[in-house]
Amino acid sequence: MATPTEAACAVLREVLDHLRTNREHLDRLLEDADEEALRRRPAPDAWSAVECFEHLRVTAALYRPRLEAALARGRAKGLAGRAPYGRGTWIGRVLLGALDPDRGESKAVKAPGAFRPAALSELDVATVVRGLREENEHLRRLVVEADGLDLGRLRLATPIATFLRLSVDQAFRVLAWHEARHLAQAERALDTAHEDRA
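Residues numbered from 1 in each chain as written. Predicted model: local features only at pLDDT ≥ 70, side-chain atom pairs only at ≥ 80, totals over all residues. Heavy atoms only, no water.

**Student:** Before we go on, may I ask you to explain the overall build of the protein in this structure?
**Tutor:** Counting its secondary structure elements, the protein contains six helices and two strands. N-terminal to C-terminal, the α/β element order of the protein is α-α-α-α-α-β-β-α. At 17 Å, the protein has a C-alpha radius of gyration in line with the 16 Å of a compact globule built from 198 residues. When the backbone C-alpha atoms are referred to their principal axes, the protein occupies close to 55 × 35 × 30 Å. Counting over 198 residues, the protein shows a buried share of 45%. In the protein, of all internal contacts separated by at least 6 residues, the share reaching a separation of at least 24 is 84%. (Helix = DSSP H or I, 4+ residues; strand = E, 2+ residues; numbered from the N terminus. Rg over C-alpha atoms; globule rule 2.2 N^0.38 Å. Buried < 20%, exposed > 50% of the residue type's maximum accessible area, 1.4 Å probe, protein only. Contact = heavy atoms within 4.5 Å.)

In C-alpha cells form, the structure reads like this:
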C-alpha cells in the first residue's frame with residue numbers, strides 16, 4: 001500500500017522522480033536569481049523565467065480539478081488496476097511524443113490562451129513561485145493517491161477542449177515532462193539575464 005510520499009507502481013514512481021527532479025531544478029534556479037533576472041526576457045517575444053513559472057502554475061491549476069474528478073470517479077467505481085495502463089489516447093501519445101525528455105529538444109509550440117501567463121508587469125515573483133510550489137505538491141499527492149487505480153481506463157478532458165482526452169497516467173507524465181521542459185526554458189532565460197549583466 002502507498003504511503004503519503006511514495007507509490008508502489010513503477011510508472012507512478014517514475015512520475016514522482018520526475019517531479020522531485022523538477023522541484024530540485026526550480027530550487028537551483030532560485031538560489032542565485034534576483035527579481036530582476038527572473039523578470040528579464042531573453043528576447044522581446046520570449047518568456048522570462050517568472051513567466052515560465054507562471055505558465056507552469058496555471059497549467060497545473062487547470063489540470064488539477066480534472067485529475068481530482070477522474071480519480072474520484074475511479075474510486076467510486078472501484079476501478080482498480082496496475083501498470084501497464086495500455087496505449088492511452090491518441091492526443092496523449094502525441095503530447096508525450098512531443099515532450100519526451102529522451103528525444104531531446106522539440107520544436108516550441110505557442111501556448112493556448114488559457115495557459116499563457118498574465119502580463120509580466122502583473123506578476124509578483126514570490127506569489128508565482130509559492131503558487132507553483134503549491135500546485136506541484138497537489139500534483140505529487142494526486143500521483144500517490146492514484147496508486148492502485150486503473151489509470152489507463154480513467155480519462156479526463158484537457159483544459160483546451162473537452163473532446164481532447166487523456167488517460168490519467170498520460171496526464172501525469174505530460175505534466176511532469178512539460179514542467180521539465182519549461183524549467184529548462186527558464187534556465188536559459190536566466191543564463192541570458194546573467195550574461196547581459198556581465
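**Student:** Where do I start with the nonpolar core in this structure?
**Tutor:** When a protein is soluble and globular, its nonpolar side chains tend to lie buried together. Of all hydrophobic cores here, the largest spans 54 residues; its most connected members are Phe 53, Leu 67, Leu 71, Leu 151, Val 168 and Phe 172. Mapped onto this core, the elements with two or more residues apiece are helix 1 (10-31), helix 2 (35-39), helix 3 (49-77), helix 4 (90-99), helix 5 (125-146) and helix 6 (168-197). Top contributing element to this core by residue count: helix 6, with eleven residues. Sequence-distant contacts of Phe 172, defined by excluding residues within four places in its chain, comprise Leu 12, Val 15, Leu 67, Leu 71, Leu 139, Leu 142, Val 143, Ala 146 and Leu 151. (Core = buried A, V, L, I, M, F, W, Y, C linked by side-chain atoms within 4.5 Å.)

**Student:** I tried to follow a positive patch on the surface on my own but got confused; where do I start?
**Tutor:** Side chains of Arg 73, Lys 77, Arg 153 and Arg 165 sit close together on the surface and give a patch of like positive charge. Relative accessible area serves as the criterion here: at 36%, Arg 73 is assigned to the partly exposed category. (Patch = residues over 30% accessible without salt bridge, like charges linked within 9 Å, V, L, I, M, F, W, Y side chains within 5 Å. Areas by Shrake-Rupley, 256 points an atom, 1.4 Å probe, with all protein chains shown as cover. Salt bridge = Lys/Arg side-chain N within 4 Å of Asp/Glu carboxyl O. Lys, Arg positive; Asp, Glu negative; His and termini not counted. Charge placed at Lys NZ, Arg CZ, Asp CG, Glu CD.)

**Student:** In this structure, what is going on with the packing of helix 1 against helix 5? I would like to understand it.
**Tutor:** Packing of helix 1 against helix 5 brings their axes to within 10 Å, and their N-to-C directions diverge by 165°. Relative to helix 5, the element helix 1 is oriented roughly antiparallel. Pair helix 1 / helix 5 crosses with left-handed handedness. Contacts from Leu 12, Val 15, Leu 16, Leu 19, Leu 26, Asp 27 and Leu 30 in helix 1 reach Val 129, Leu 132, Arg 133, Leu 139, Arg 140, Val 143, Val 144 and Ala 146 in helix 5. (Axes fitted to C-alpha atoms, helices over the stretch in contact; angles between N-to-C directions. Parallel < 35°, antiparallel > 145°, perpendicular 65-115°, else oblique. Left-handed = near helix turned anticlockwise from the far one by under 90°.)

**Student:** Explain the packing of helix 3 against helix 5 to me, please; I cannot follow it from the model alone.
**Tutor:** Two numbers describe a pair of packed helices, the interaxial angle and the distance between the axes. Between helix 3 and helix 5, whose axes approach to 9 Å, the crossing angle comes to 25°. In this view, helix 3 runs roughly parallel relative to helix 5, as classed from their interaxial angle. For the pair helix 3 and helix 5, the sense of crossing is left-handed. Packed against helix 3, whose contacting residues are Val 50, Phe 53, Glu 54, Leu 56, Arg 57, Ala 60, Ala 61, Arg 64, Leu 67, Glu 68, Leu 71 and Arg 75, the element helix 5 presents Val 125, Val 128, Val 129, Gly 131, Leu 132, Glu 135, His 138, Leu 139, Leu 142, Glu 145 and Ala 146 at the interface. In terms of residue class, the contact of helix 3 with helix 5 is made up of 14 nonpolar, two polar and seven charged. (Nonpolar A, V, L, I, M, F, W, Y, C, P; charged D, E, K, R; others polar.)

**Student:** Can you help me understand helix 1 in this one?
**Tutor:** Because each turn of an α-helix spans 3.6 residues, side chains separated by three or four positions end up pointing in the same direction. When the terminal C-alpha atoms of helix 1 are compared, their 31 Å separation across 22 residues agrees well with the 32 Å that a helix rising 1.5 Å per residue should span. Buried within helix 1 are the following residues: Leu 12, Val 15, Leu 16, Leu 19, Asn 22, His 25, Leu 26 and Leu 29. (Expected span 1.5 Å × (residues − 1).)

**Student:** What should I look at first to understand helix 4 in this one?
**Tutor:** If you check which residues of helix 4 are buried, you get Ile 91, Gly 92, Leu 96 and Leu 99. An end-on view of helix 4 places all buried positions within 135° of arc, on one side of the element. (Arc of directions from axis to C-beta.)

**Student:** What exactly am I supposed to notice about the pattern of salt bridges here?
**Tutor:** Side chains that differ in charge, positive against negative, can pair when their charged atoms come close. Applying the stated criterion across every chain, the model contains ten salt bridges. Two residues, Glu 137 and Arg 141, come together in a salt bridge whose shortest N-O distance is 3.7 Å. Taken as a pair, Glu 137 and Arg 141 lie in helix 5 at a separation of four residues, close to a single helical turn. Note on Arg 141: relative accessible area 36%, which makes it partly exposed. Look at the salt bridges and you will find they share partners, linking Glu 137, Arg 140 and Arg 141 into a network.

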